[in-house]
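Structural characterization, general
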Amino acid sequence: MNEILAEFLRGYTATNQWLAILPEILLALLALSLLAVEMASPKAARAQVGRVAFYGQLFILAVCLIGCFTGPATTGAEPLFSGMIEQSGTTQFMRVFFLLCSLFVSYLGGIYLERQPLARTEFHHLVLLVAAGMMLLVQSAHFVMLFVALETVTVAFYVLVAYGRNSVGSLEAGLKYLIMGALSSAILLFGIVLLYGVAGNPALAASSSDSLQYSALAEFISLHDGNLLVRLGALLVVAGICFKIGAVPFQIWVPDVYQGAPTPVTSFLAVASKAAGFVVLLQLVQGPFAGLGALLVPVLSIVAAVTILFGNCAAVVQGNLKRLMGLSGIAHAGYLLLGVIAVASGVAWAEGAVLFYLFTYLLGSFAVFAVMTFAAGTDDTDQQISHYQDFAKEQPFLGGVLAIGLGSLAGIPPLGGFIGKLFLFIAAFQAGLYGLLGVAILGVVISIYYYFGWIREAFFSHYNETVPTKTAILPSMRDRLLLGFLAAASLLLGLYPAALSLLP
Amino acid sequence: MTVGINAFLLVAGWLFAIGLLGVLLRKNTLVIYMSLELMLNAVNLALVAFSRYNNTMDGNLFVFFIITVAAAEVAVGLAIIVALYRRRQTVLVNELNSLSR
């Protein structure tokens, strides 16, 4: 009996790979411990929960960074847990990316929750779970893993979007996100099932008994790229992901949900959720769907062109800032699709360009959303451009950060967003997507108009003598440090792009 | 006479289409919700059929994950619908238009 036990334990330790997902485990433990802290501490000390969450995440970020630099060589993809998870340089980068996102969201959430009569602990708890789910999502190499991680993220997001229970807007946004999210999950699932069924069919060549695994599927699809079920399945999977990244024609939920959700959650959706969708899309295009380039490149090209034009044109006439950020986010999804199409048509380094763009998008977006969180009144869904009249005069620091963030999003030369767009456009040029490139440049020109409309309102609007009611909170020293970091990083990446060594 | 895989796929496809149309066309949130569940069950049916005819167990396993996730989704969804009903006294999507103005 003892020998059997010893044998079992030896086998267990030989295949013990839990350390590979240490950051995710730590995040989940931190999320649970927040609930314990809330239960154990007296009511007066509950404000500490946000602090525990923030410093806990800083610690996990350090663990993650140490793992990146001292861990095993991250050149090739490394299968773990019998092919459920694969780690590579890209996934390590994205883990740090998602941790940074959740750090900012926790911080902004603390500021938002100070003004709202809502529970605090659950907010931080859910943000941590979403971050852990996204980190697993980008590492998954198996469709079951992909689905479970995706749903962990999505279900937690339903609650976060509807978190402002005292506001009708937030609840409505939650319901809309719920219906659209569940619909996209069902479409994604149907695609997965078709692929599973056809790739597992023993009558066909290269069929696999493990046909939900990416590499087995890639082998099958490269032989059967004309099969109707394969094509339909791949299109349905891509459509399901297009819902998550908000590409036309699956963008209908974006403006309403972005407006209704609490501002920190909006920023989380805009940056982290979109980034997760793009990394999954990149992995699919390079992995299982690599043989389907002839089908996916034209389809994605049309989607990208319409997405860029729709997002920019709809944003021009928008007065509500949260909807404006949502619509301009659709346009950014269109630019990022350019990089994905370049990867699908054989320009491998475009993956680095997409990741670089995502990082500059993180810095720019969080700078803007942070300013919006400070400037928002008690009604979080109602943030108009006209509220920013004389903003820079009253709050010169916030005004400066806003200008740098918006400039980076618009792609103005000394800032990071410009370099990000440049890399993407060069990749598209090398892939021979000239028509698409023209549409993208037209889109950028349009976007400068509405981004600068906002900057003009904040800096040069002296036409009205009556001073509007001041609702903005003055940022403390710590807030200034964080915002300054975001602005400085945007500037640094613009002047010295090699600081982020993503490109060969 | 044995039933072929195509029969199962046809039924699954019909169920999925009915669910999709229900989500797109119906006005009552609860009916939309039922349609979403119908789509997930269409997926489950196709999975089990493929699993049986391909002689692999992955499909059956996947069904359990889908059922669990669907239950979690319903729990959250009904909570949101109840909270919304308390505020607005309606669950019809064409009356839920406080945003987009």
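Details of the structure are given in the entry above.
The structure reproduced in this document is the subject of the present report. Only a predicted model underlies this, so the values are computations on that prediction, with no experimental measurement involved.

Digging into the overall build of chain A
Scanning chain A from terminus to terminus reveals 19 helices and two strands. Here the C-alpha atoms of chain A give a radius of gyration of 23 Å, agreeing with the 23 Å that 2.2 N^0.38 yields for 504 residues. Expressed along its principal axes, the backbone C-alpha trace of chain A runs to roughly 80 × 60 × 45 Å. Long-range pairs, those at least 24 residues apart, make up 79% of the contacts in chain A with a sequence separation of at least 6. Total accessible area on chain A stands at roughly 18,400 Å², and carbon and sulfur atoms take up 69% of it. Here chain A contributes 20 positive and 23 negative side-chain charges, whose respective centroids are spaced 9 Å apart.

Let's talk about the overall build of chain B
What chain B contains, in helices and strands, is three helices and zero strands. Overall, chain B shows an N-to-C arrangement of helices and strands of α-α-α. The C-alpha radius of gyration computed for chain B amounts to 17 Å, which surpasses the reference 13 Å derived for 101 residues by more than 25%, pointing to a less compact arrangement than a globule. Counting the 101 residues in chain B, one finds 40% classified as buried. Put simply, of all contacts in chain B between residues at least 6 apart along the chain, 55% involve residues at least 24 apart. Positive and negative side-chain charges of chain B, numbering 7 and 4 respectively, have mean locations separated by a distance of 13 Å.

As for unusual backbone geometry
That bond from Val 248 of chain A to Pro 249 of chain A is cis: its omega, 5 degrees, falls within 30 degrees of zero. With respect to the element layout, Pro 249 of chain A can be found in the loop between α9 (228-245) and α10 (254-260). Within the chain, Asn 55 of chain B stands out as a residue other than glycine whose phi angle is a positive 60 degrees. With respect to the helices and strands, Asn 55 of chain B occurs in the loop between α2 (29-54) and α3 (58-88). With a phi close to 60 degrees, Gln 89 of chain B is a non-glycine residue in the positive phi region. Note on placement: Gln 89 of chain B falls in the segment after α3. Judged by its relative accessible area of 53%, Gln 89 of chain B falls in the exposed class.

Regarding the packing of aromatic side chains
Taken as a whole, this structure holds 26 aromatic pairs over all chains when the rule is applied. On the numbers, 5.6 Å between centres and 70 degrees between planes, the contact of Phe 147 of chain A with Phe 62 of chain B is edge-to-face. On the criterion of chain membership, the pair formed by Phe 147 of chain A in helix α6 (residues 143-161) and Phe 62 of chain B in helix α3 is interchain, its members lying in two chains. Members of the aromatic cluster, each reached through a chain of ring pairs, are Phe 157, Tyr 158, Tyr 177, Trp 253, Tyr 258 and Phe 268 of chain A.

Remarks on the state of the cysteines
Tallying each qualifying case throughout the model produces zero disulfides over all chains. We note that Cys 313 of chain A lacks a disulfide partner, and the nearest cysteine sulfur, in Cys 242 of chain A, lies 19 Å from it.

Re the interface of chain A and chain B
The parts lose accessible area when they come together, and the size of an interface is often stated as this lost area. In this assembly, 43 residues from chain A lie in contact with 38 residues from chain B. Surface buried jointly by chain A and chain B totals about 3,700 Å² across both partners, of which 79% is contributed by carbon and sulfur atoms. Inspection of the region where chain A meets chain B yields one salt bridge. When the shortest N-O distance is used, the salt bridge between Arg 88 of chain B and Glu 172 of chain A registers 2.9 Å. For the pair chain A and chain B, the interface holds six residue pairs in polar contact (both at pLDDT 80 or more). If you list the elements that add at least two residues to the side of chain A that touches chain B, you get α6, α7 (168-199) and α10 of chain A. Sorting elements by how many residues they give to the side of chain A that touches chain B places α7 of chain A first, with 22 residues.

Some details on the packing of helix α14 (residues 350-375) of chain A against helix α17 (residues 416-430) of chain A
Residue and element names in this part refer to chain A. Their axes nearest at 9 Å, the elements α14 and α17 cross at an angle of 155 degrees. In terms of their interaxial angle, α14 and α17 are classed as roughly antiparallel. In terms of crossing hand, the pair formed by α14 and α17 is left-handed. Contacts between α14 and α17 involve Ala 350, Ala 353, Val 354, Phe 356, Tyr 357 and Thr 360 on the former and, on the latter, Gly 416, Gly 417, Ile 419, Gly 420, Lys 421, Phe 423, Leu 424 and Ala 427. Within the contact of α14 with α17, the residues separate by chemical class into nine nonpolar, four polar and one charged.

Overview of the nonpolar core
All names here are of chain A. Counting residues in each nonpolar core, the largest one holds 216 residues, and the members touching the most others are Met 94, Phe 97, Phe 98, Phe 157, Phe 289 and Trp 454. Looking at which element gives the most residues to this core, the answer is α7, with 21 residues. Every residue in contact with Phe 289, bar those within four places of it in the chain, is listed here: Leu 195, Ile 221, Ala 234, Val 237, Val 238, Leu 284 and Leu 296.

Quick look at helix α3 (residues 48-70) of chain A
Residue and element names in this part refer to chain A. In this model, α3 (23 residues) spans 33 Å end to end at C-alpha, consistent with the 33 Å of a helix rising 1.5 Å per residue. Listing the buried residues of α3 in full gives Val 49, Ala 53, Phe 54, Gly 56, Gln 57, Ile 60, Leu 61, Val 63, Cys 64 and Cys 68. Each element contacted by the buried residues of α3 is listed here: α2 (22-40), α4 (89-114) and α5 (121-139).

A short note on a nonpolar patch on the surface
Residues and elements named next belong to chain A. Judged by side-chain polarity, Leu 5, Phe 8, Leu 9, Tyr 12, Trp 18, Ile 25, Leu 29 and Leu 32 come together as a nonpolar surface patch covering roughly 810 Å² of accessible area. Of all the secondary structure elements, the ones that give two or more residues to the nonpolar patch are α1 (2-14) and α2. With four residues, the top contributor of residues to the nonpolar patch is α1. Summarising the element assignment, Leu 32 is placed in helix α2.

Regarding the pattern of salt bridges
Using the criterion set out here, one finds six salt bridges over all chains in the structure. Here Lys 176 of chain A ties to Glu 172 of chain A by a salt bridge, and the two come within 3.8 Å at their closest N and O atoms. Taken together, the positions of Lys 176 of chain A and Glu 172 of chain A, both in helix α7 and four residues apart, correspond to about one turn of that helix. Notably, a salt bridge pairs Lys 176 of chain A with Asp 256 of chain A, separated by 3.0 Å at the nearest N-O pair. Residue Lys 176 of chain A is found in helix α7, and its partner Asp 256 of chain A is found in helix α10; the two are separated by 80 residues along the sequence. With a relative accessible area of 23%, Lys 176 of chain A lands in the partly exposed category. Looking at Asp 256 of chain A, the relative accessible area reads 13%, which means it is buried. Salt bridges linked by common partners bring Glu 172, Lys 176, Asp 256 and Arg 323 of chain A together with Arg 88 of chain B together as one network.

About the thresholds
- Residue indices begin from 1 for each chain and proceed along its sequence in written order.
- Lettering of chains starts at A and numbering of ligands starts at 1, both following the order in which they are written.
- Residues qualify for local features only when their pLDDT is at least 70, as the model is predicted, and side-chain atom pairs are given and counted only at 80 or more; totals for whole chains, interfaces and linings, by contrast, use all residues.
- With hydrogens and water set aside, each side-chain value is computed from the structure's full complement of heavy atoms.
- Numbering of helices and strands runs from the N terminus; a helix is a DSSP stretch of H or I covering at least four residues, while a strand is a stretch of E covering at least two.
- We compute the radius of gyration from the C-alpha atoms alone; for a globule the expected value is 2.2 Å times N to the 0.38, where N is the number of residues.
- Contacts: residue pairs with any heavy atoms within 4.5 Å of one another.
- Accessible areas in this description were obtained via Shrake-Rupley with a 1.4 Å probe; residue shielding takes into account the shown protein chains only.
- His is not counted, nor are the chain ends; Lys and Arg add positive charge and Asp and Glu add negative charge.
- Charge placement uses NZ in Lys and CZ in Arg. For Asp and Glu, CG and CD serve respectively.
- Note on classification: 1.4 Å probe, protein chains only; a residue is buried when its accessible area is under 20% of the maximum for its type, exposed when over 50%, partly exposed between these limits.
- For Phe, Tyr and Trp, where Trp contributes only its six-membered ring, two rings pair if their centres lie within 6.5 Å, and the inter-plane angle classes them as stacked under 30 degrees, edge-to-face over 60, or tilted in between.
- By definition, disulfides here are pairs of cysteine sulfur atoms that lie within 2.5 Å.
- Buried area is a sum: the accessible area each of two parts loses on coming together, probed at 1.4 Å, counted once for each and added.
- Put simply, a salt bridge is a Lys or Arg side-chain nitrogen that is within 4 Å of an Asp or Glu carboxyl oxygen.
- Two N or O atoms form a polar contact when they lie within 3.5 Å of each other; inside protein one atom must be a possible hydrogen donor and the other a possible acceptor, and for residues adjacent in sequence the pair counts only when both atoms belong to side chains.
- Lines are fitted to the C-alpha atoms to define the axes, a helix being fitted only along its stretch in contact, and any angle between axes, read from their N-to-C directions, falls within 0 to 180 degrees.
- Should an angle fall under 35 degrees it is taken as roughly parallel, and over 145 as roughly antiparallel, whereas 65 to 115 is taken as roughly perpendicular and any remaining angle as oblique.
- It is the rotation of the near helix from the far one that decides the hand of a crossing: anticlockwise by less than a right angle makes it left-handed, clockwise makes it right-handed.
- Only Asp, Glu, Lys and Arg are considered charged, only Ala, Val, Leu, Ile, Met, Phe, Trp, Tyr, Cys and Pro nonpolar, and every remaining residue, Gly among them, polar.
- What makes a nonpolar core is a set of buried Ala, Val, Leu, Ile, Met, Phe, Trp, Tyr and Cys residues whose side-chain atoms join them at distances within 4.5 Å.
- One fewer than the residue count of a helix, multiplied by 1.5 Å, yields its expected span.
- Note that patches include only residues with greater than 30% relative accessible area and no salt bridge, and the join distances are 9 Å for like charges and 5 Å for nonpolar side chains (Val, Leu, Ile, Met, Phe, Trp, Tyr).

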